[in-house]
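Listed below, chain by chain, are the residues.
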Amino acid sequence: MSDLDLLTQSLARNVKRWRTERGFTLDTLAARAGVSRGMLIQIEQARTNPSLGTVVKIGDALGISVTTLLDYEQGPKVRIVPADQAVRLWHTEAGSYNRLLAGTEAPGPLEMWDWHLMPGEASDSDPHPSGTVELVHVTAGELTLTVDGTEYRVPAGASASFGADTPHTYGNDGDVPAELVMTVSVPPVR
């Protein structure tokens, strides 16, 4: 079974498990996540590979991390994620990508990401639930961070934090690749 097949099966099992644990019907989760009921059915039946945006919306609606949704190994309290097992969830033909490095529930979802943005490329993010915070540390190049319509330049060696419950974009307006590490903290579902 390929990595993609394992992730599809894991996502199917975990969406259904967490939806049931939260007491959500398909319609309730669809409304909370802003995705169609049909898409949720396809995901729960492992018949589709949804976009990163869809997976994030479902995780946010369930109050769990993307890592928890995709985790197909239940392991010990200390979990080491080998470099070759970091999950690449977004990429472009030009070479931009992100990788989910690690995540946990603490008490809400907490995720750590590795991003690589090629010159001229950008990735948009829909607003996360109220109270979500993101931390970004740029290790190479310069990040053009746009939060709620305002652009911020974050050069190599600098960090930024912001409330991620508004639209935001990670972009590279420079001439060299931008590399950054990002942490996302989502409050628990009440």
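Basis of the calculations
Counting starts from 1 at the beginning of each chain's written sequence and moves along it residue by residue. Confidence filtering applies because this is a predicted model: local features only for residues at pLDDT of at least 70, side-chain atom pairs given and counted only at 80 or more, and all residues used for totals across whole chains, interfaces and linings. Where side-chain values are given, they derive from all heavy atoms of the structure, hydrogens and water being excluded. The term nonpolar core refers to a set of buried residues drawn from Ala, Val, Leu, Ile, Met, Phe, Trp, Tyr and Cys, joined through side-chain atoms within 4.5 Å. For each residue, the accessible area found with a 1.4 Å probe, counting protein chains only, is set against the maximum for its type, and the residue is called buried under 20%, exposed over 50%, and partly exposed in between. Numbered from the N terminus, helices here are DSSP runs of H or I no shorter than four residues, and strands are runs of E no shorter than two. Within this document, salt bridges are pairs made up of a side-chain nitrogen of Lys or Arg and a carboxyl oxygen of Asp or Glu, the two lying within 4 Å of each other. In what follows, a contact means two residues having at least one pair of non-hydrogen atoms within 4.5 Å. What a helix is expected to span follows from its residue count: subtract one and scale by 1.5 Å. The definitions used throughout rest on a 1 Å grid laid over the protein atoms alone, on which a cavity is an enclosed set of points accommodating a 1.4 Å probe that cannot get out and a pocket is an open set flanked by protein within 12 Å on both sides along at least five of seven lines; lining residues are those having an atom within 4 Å of a point. Grid points are joined across faces, edges and corners, and a volume is the space filled by probe spheres set on the points. Side-chain classes follow a simple rule in which Ala, Val, Leu, Ile, Met, Phe, Trp, Tyr, Cys and Pro form the nonpolar group, Asp, Glu, Lys and Arg form the charged group, and the remainder, Gly included, forms the polar group. Any pair of Phe, Tyr and Trp rings, taking the six-membered ring for Trp, is counted once the centres come within 6.5 Å. Such a pair is stacked with planes under 30 degrees apart, edge-to-face with planes over 60 apart, and tilted for the rest.

Novice: Help me understand the nonpolar core in this model?
Specialist: Nonpolar side chains in soluble globular proteins tend to be buried together. Core analysis: the biggest nonpolar cluster contains 43 residues, and Ile58, Leu143 and Tyr170 have the highest contact counts within it. Looking at this core element by element, the count peaks at six residues for helix 4 (residues 52-62).

Novice: Help me understand the pattern of salt bridges, please; the structure alone is not making it clear to me.
Specialist: This structure, assessed with the given rule, holds eight salt bridges. Two residues, Arg153 and Glu151, come together in a salt bridge whose shortest N-O distance is 3.7 Å. Here Arg153 and Asp173 are joined by a salt bridge, their closest N and O atoms 3.5 Å apart. Taken as a pair, Arg153 in strand 7 (residues 150-155) and Asp173 in the loop between strand 9 (168-171) and strand 10 (178-185) lie far apart in primary sequence, 20 residues in all.

Novice: Just checking my understanding: could you explain the environment of Tyr97 for this structure?
Specialist: Topologically, Tyr97 is positioned in strand 2 (residues 97-105). With relative accessibility at 19%, the residue Tyr97 sits in the buried group. For Tyr97 and Glu179, which are 82 residues apart along the polypeptide, the C-alpha to C-alpha distance reads 9.8 Å. Each residue touching Tyr97, except ones within four places of it in the same chain, is listed here: Arg88, Trp90, His91, Asp114, Trp115 and His116.

Novice: Teacher, can you tell me more about helix 1 (residues 3-22) here?
Specialist: Think of an α-helix as 3.6 residues a turn; residues three or four steps apart then line up on the same face. An ideal rise of 1.5 Å per residue puts 28 Å on 20 residues; helix 1 measures up with 28 Å between its terminal C-alpha atoms. Within helix 1, burial applies to Leu7, Thr8, Ser10, Leu11, Ala12, Asn14, Val15, Trp18 and Arg19. Residues of helix 1 that are buried in the fold lie against helix 2 (26-33), helix 3 (37-44), helix 4, helix 5 (66-70) and strand 1 (87-91). At the exit of helix 1 stands Gly23, carrying a positive phi of roughly 75 degrees.

Novice: Quick question: what am I supposed to make of the layout of surface pockets here?
Specialist: To find leftover empty space, one rolls a probe the size of a water molecule over the atoms. Of the pockets and cavities examined, the largest pocket occupies roughly 710 Å³. As for the largest pocket, its lining consists of 42 residues, and the residues nearest its centre are Ser51, Leu52, Gly53, Val55 and Val56. The element best represented in the lining of the largest pocket is helix 4, accounting for seven residues. Residues that form the lining of the largest pocket fall into these classes: 24 nonpolar, ten polar and eight charged.

Novice: Help me understand the environment of Arg22 in this model?
Specialist: Tracing the backbone shows Arg22 in helix 1. The class for Arg22 is partly exposed, based on a relative accessible area of 29%. For the pair Arg22 and Leu62, spaced 40 residues apart in sequence, the C-alpha to C-alpha distance is 7.3 Å. Excluding residues that lie within four positions of it along the chain, Arg22 makes contacts with Leu62, Gly63, Ile64 and Val189.

Novice: It is not clear to me how the packing of aromatic side chains should be interpreted in this structure. Could you clarify?
Specialist: Geometrically, a pair of aromatic rings is defined through the distance of the ring centres and the angle of the planes. The final tally for this structure, using the stated rule, is two aromatic pairs. Pairing Trp90 with Trp115 gives two aromatic rings, centres 5.4 Å apart and planes at 40 degrees, and the pair type is tilted. Highlighted residues: Trp90 in strand 1 and Trp115 in strand 3 (residues 109-117), separated in sequence by 25 residues. Exposure remark for Trp115: the relative accessible area of 4% places this residue in the buried category. Pairing Trp115 with Tyr170 gives two aromatic rings, centres 5.0 Å apart and planes at 40 degrees, and the pair type is tilted. Residue Trp115 is located in strand 3, and its partner Tyr170 is located in strand 9; the two are separated by 55 residues in the primary sequence. Taken as a pair, Trp115 and Tyr170 share a single burial class, namely buried. Pairwise contacts between aromatic rings join Trp90, Trp115 and Tyr170 into one cluster.

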